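Listed below are the residues making up each chain.
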Amino acid sequence: MPETEFLSLQTDHIQILQQRYEQALKAHGYDSLLISSGAAPMRYGDDQSWQFQGYGPFLHWTGLAGQEHSWLLIRPGRTPLLWLYQPVDFWHANLELPDEPWQQAMEVRFSDSRGAPSMEKSGKLAVIGDPAGLADVLGEHNPAPLLAALDETRVHKTAYEIACLARANEIAVRGHRAARDAFLAGGSEFEISLAYQQATGQREAEAPYHSIIGVNEHAGTLHYQYYDTQAPERPRSLLIDAGVRFRGYCSDITRTTPAPGERRFAALVQGLEQLQNRLCEMVAPGVEYAAIHRKTHQGIAALLSAAGLVSGLDDEALVEQGVTRAFFPHGIGHFLGIQVHDVAGKLEPSPADAPFLRLTRTLEEGMVVTIEPGLYIISSLLDPVLNGPLGKHFDHEVIDDLRGCGGIRIEDNVVVTADGARNLTREMGG
Ligand code: GLY
Ligand code: MN
Ligand code: MN
């Protein structure tokens, strides 16, 4: 998409937000809304702060994920008013603002004060943000019904948001290619991380979440958080779950690469990839997201049998007796947007058979979701099954061998369209 078209979508986005926020304020009886960007807290007993990433509603308007101590005032029928914290400071640099249309759609003032701006009192004011930064701020803090309504404004993405998510995918896909190449060249987890950051041009601290880079058995820890600086003697598998932010918007992509010669593991990766493609094809308006999750369990049951890991139990029994949950313990995915696990996914609690499912809604046009089936050898979940009454149905030798490959996850970012879906990750060649 040409830059001019992209930027004109940004102007439309701000207009749509103004309408959506005005409706939410009116419905809940507020005359204005002050949004805090937030600020990084200091580490206890230290003079260093935690890495900062801004509050969702502030990013929704500005995309400025790294801007602290700033405030945005929204009033019906008035231009949004933005106070950006830009102190005179010889220790730190101020953020250079990109030259983008959202600034023309707002009145931007620069402030050297970290506190909330002083404003004339006019009607009922709601203030939202991290309560730690709101102590002395006048107005009603974080009223829950309004927050829920504002979360809802993030569910159906504008064309601009979808364009941002597509760009976040394009950049992350480059990173995933570089990561795979680094693994196949014998790189350690740390070197794979460097290759990913180099190719995406984004420091890990700025990414929407800490990249998960697991080689061999580390791939079986769902949110593996360390990086070995030495590659193992026999690299067998790589699982990398990593995204980037683009103008505040996140990608969240996972790929699993078998090392050359890992034929059994490669066949499982291929089987899971075929299942993942079928699940992505299910995404469409009117579809219950939980139905995609349940379909995943059926598909994993079939894959376990086809790969010879289990025999003598039919697919239904594998699901009903919790065997598939031991291999695939997490949910099939979540909303994606300004936050990697974007808000408002659960109007109802997760169903009993899917306790970790973060999204329980019926899909509608404009929603953006991840589809991320996995199949792991996690000893704490699997060993009780292997050592229990169903144990005789498993090929223990094959499973023991696969422990050294850890697990598989394949994750794409998918937009619900009027009549189906757009897979942003595959579109970008991922
Ligand atoms: N990267 C975390 C997740 O996939 O949900
Ligand atoms: Mn992920
Ligand atoms: Mn995800």
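Residues numbered from 1 in each chain as written. Chains lettered and ligands numbered in written order. Predicted model: local features only at pLDDT ≥ 70, side-chain atom pairs only at ≥ 80, totals over all residues. Heavy atoms only, no water.

For the rest of this paragraph, the subject is the site of ligand 1. Taken together, Tyr209, Asp241, Asp252, His334, His341, Glu372 and Glu411 are the residues near ligand 1. In this structure, a nitrogen atom belonging to ligand 1 sits 3.1 Å away from a side-chain N or O atom of Asp241. In the environment of ligand 1, an oxygen atom lies 2.7 Å from a nitrogen or oxygen atom belonging to the side chain of His341. Across the complex, the protein chains shield 92% of the 200 Å² of accessible surface that ligand 1 would expose by itself. For the shell around ligand 1, the per-class residue count stands at one nonpolar, two polar and four charged. (Near = heavy atom within 4 Å. Polar contact = N/O pair within 3.5 Å; in protein donor to acceptor, adjacent residues only side chain to side chain. Areas by Shrake-Rupley, 256 points an atom, 1.4 Å probe, with all protein chains shown as cover. Nonpolar A, V, L, I, M, F, W, Y, C, P; charged D, E, K, R; others polar.)

Packing of helix 10 (residues 379–386) against helix 11 (residues 396–403) brings their axes to within 13 Å, and their N-to-C directions diverge by 170°. Classified by the angle their axes make, helix 10 and helix 11 are roughly antiparallel. Residues Ser379, Leu382, Asp383 and Leu386 of helix 10 form the contact with helix 11, whose own contacting residues are His396, Ile399 and Arg403. The class makeup of the residues in the contact of helix 10 with helix 11 is three nonpolar, two polar and two charged. (Axes fitted to C-alpha atoms, helices over the stretch in contact; angles between N-to-C directions. Helix = DSSP H or I, 4+ residues; strand = E, 2+ residues; numbered from the N terminus. Parallel < 35°, antiparallel > 145°, perpendicular 65-115°, else oblique. Contact = heavy atoms within 4.5 Å.)

The next thing to look at is the packing of aromatic side chains. Using the criterion set out here, one finds seven aromatic pairs in the structure. Pairing Tyr21 with Trp61 gives two aromatic rings, centres 5.0 Å apart and planes at 75°, and the pair type is edge-to-face. Here Trp61 lies in helix 2 (residues 56–62) and Tyr21 lies in helix 1 (residues 3–28), a separation of 40 residues in the sequence. Exposure class is identical for Tyr21 and Trp61. Each is buried. For the ring pair Tyr224 and Tyr226, a centre distance of 6.2 Å and an interplane angle of 85° mean the geometry is edge-to-face. Judged by its relative accessible area of 7%, Tyr224 falls in the buried class. Members of the aromatic cluster, joined through ring pairs, are Phe6, Tyr160, Phe246 and Tyr249. Cation over ring: Arg167 sits above Phe6, and NZ or CZ is 5.1 Å from the ring centre. (Phe/Tyr/Trp six-rings, centres within 6.5 Å; stacked < 30°, edge-to-face > 60°. Buried < 20%, exposed > 50% of the residue type's maximum accessible area, 1.4 Å probe, protein only. Lys NZ or Arg CZ within 6 Å of the ring centre and 35° of its normal.)

All right, on to the sheet that holds strand 12 (residues 368–371) then. With antiparallel pairing, three strands are arranged side by side in an open sheet as 12-15-16. Since the sheet does not close on itself, it has two edges, and those belong to strand 12 and strand 16 (421–423), each with one partner. Strand-to-strand, the axes of this sheet are offset by a mean angle of 30°, without reference to chain direction. Of the strand pairs in this sheet, strand 15 (residues 412–416) and strand 16 are connected by three bridges, and their pairing is antiparallel. Of the residues in strand 16, the one forming a bridge with Val414 is Asn423. (Pairing = 2+ DSSP bridges.)

For a metal bound by four donors in tetrahedral geometry, the ideal donor-metal-donor angle is 109.5 degrees, whereas six donors in octahedral geometry ideally sit at 90 or 180 degrees. Of the protein atoms, only Asp252 (OD), His334 (NE2), Glu372 (OE) and Glu411 (OE) coordinate the manganese ion (ligand 3), at distances of 2.0 to 2.2 Å. Note that the manganese ion (ligand 3) binds six donor atoms; their angles at the metal cover 50 to 156°, and the shape is irregular. Spacing between the donor residues of the manganese ion (ligand 3) along the chain follows D-x81-H-x37-E-x38-E. A spacing of 3.3 Å is found between the manganese ion (ligand 3) and the manganese ion (ligand 2), which share Asp252 as a donor. Taken as a pair, His334 in the loop between helix 9 (323–327) and strand 12 and Glu411 in the loop between strand 14 (407–409) and strand 15 lie far apart in primary sequence, 77 residues in all. Accessibility classification places His334 together with Glu411 in one group, the buried group. (Donors = N, O, S within 2.8 Å, 3.2 Å for Na, K, Ca; no water. Tetrahedral: all angles 85-135°; square planar, octahedral: opposite > 155°, others 65-115°.)

Two numbers describe how helix 4 (residues 159–184) lies on helix 5 (residues 189–200): the axes approach to 8 Å, and their chain directions differ by 150°. Crossing angle aside, the handedness with which helix 4 passes helix 5 is right-handed. Residue-level contacts link Ile171, Ala172, Arg174, Gly175, His176, Ala178, Ala179, Ala182 and Phe183 of helix 4 to Ile192, Ala195, Tyr196, Ala199 and Thr200 of helix 5. Here the residues of the contact of helix 4 with helix 5 are counted per class, giving ten nonpolar, three polar and one charged. (Left-handed = near helix turned anticlockwise from the far one by under 90°.)

A separate point is helix 10. What helix 10 keeps buried is the set Leu382, Val385 and Leu386. Within helix 10, the buried residues cover an arc of 95° as seen down the axis, which keeps them to one side. Of the residues in helix 10, the exposed ones pointing more than 90 degrees away from the buried face are Ser380 and Pro384. In the core, the buried residues of helix 10 are packed alongside helix 9 and helix 11. (Arc of directions from axis to C-beta.)

So, about a negative patch on the surface. A cluster of like negative charges, contributed by Asp314, Asp315, Glu316 and Glu320, occupies part of the molecular surface. Relative to the helices and strands, Asp315 is located in helix 8 (residues 315–320). (Patch = residues over 30% accessible without salt bridge, like charges linked within 9 Å, V, L, I, M, F, W, Y side chains within 5 Å. Salt bridge = Lys/Arg side-chain N within 4 Å of Asp/Glu carboxyl O. Lys, Arg positive; Asp, Glu negative; His and termini not counted. Charge placed at Lys NZ, Arg CZ, Asp CG, Glu CD.)

Turning next to the pairing of strand 8 (residues 237–242). Most of strand 8 sits out of view: six of its six residues are buried. Across the two faces of strand 8 the burial is the same, with Ser237, Leu239 and Asp241 and Leu238, Ile240 and Ala242 all buried. Here strand 7 (residues 212–215) runs beside strand 8; their pairing, made up of four bridges, is antiparallel. Bridge pairing in strand 8 places Ile212 opposite Asp241. Note that strand 8 and strand 11 (residues 253–258) share six bridges and pair antiparallel. Bridging across to strand 11, Asp241 finds its partner in Thr254.

On strand 12, burial covers both faces: Val368 and Thr370 on one face and Val369 and Ile371 on the other are all buried. Pairing of strand 12 with strand 15, which is carried by four bridges, proceeds in the antiparallel orientation. Residue pairing in the sheet places Val368 in a bridge with Val415 of strand 15.

For the structure on display, the rule yields 20 salt bridges. Across the salt bridge formed by Arg247 and Glu100, the nearest N and O atoms sit 2.7 Å from each other. Linking Arg247 in the loop between strand 9 (245–246) and strand 10 (249–250) with Glu100 in the loop between strand 3 (81–85) and strand 4 (107–111), this pair joins segments that are 147 residues apart in sequence. Neither residue differs from the other here; Arg247 and Glu100 are each classed as buried. Here Arg255 makes a salt bridge to Asp412, at a shortest N to O gap of 2.8 Å. Here Arg255, found in strand 11, pairs with Asp412, found in strand 15; they are 157 residues apart in sequence, far enough to count as distant. Take Arg255: its relative accessible area is 15%, and that puts it in the buried class. For Asp412, a relative accessible area of 0% corresponds to the buried category. Among the ionic contacts, a cluster of salt bridges with common partners joins Arg234, Arg236, Glu262, Arg264 and Asp401.

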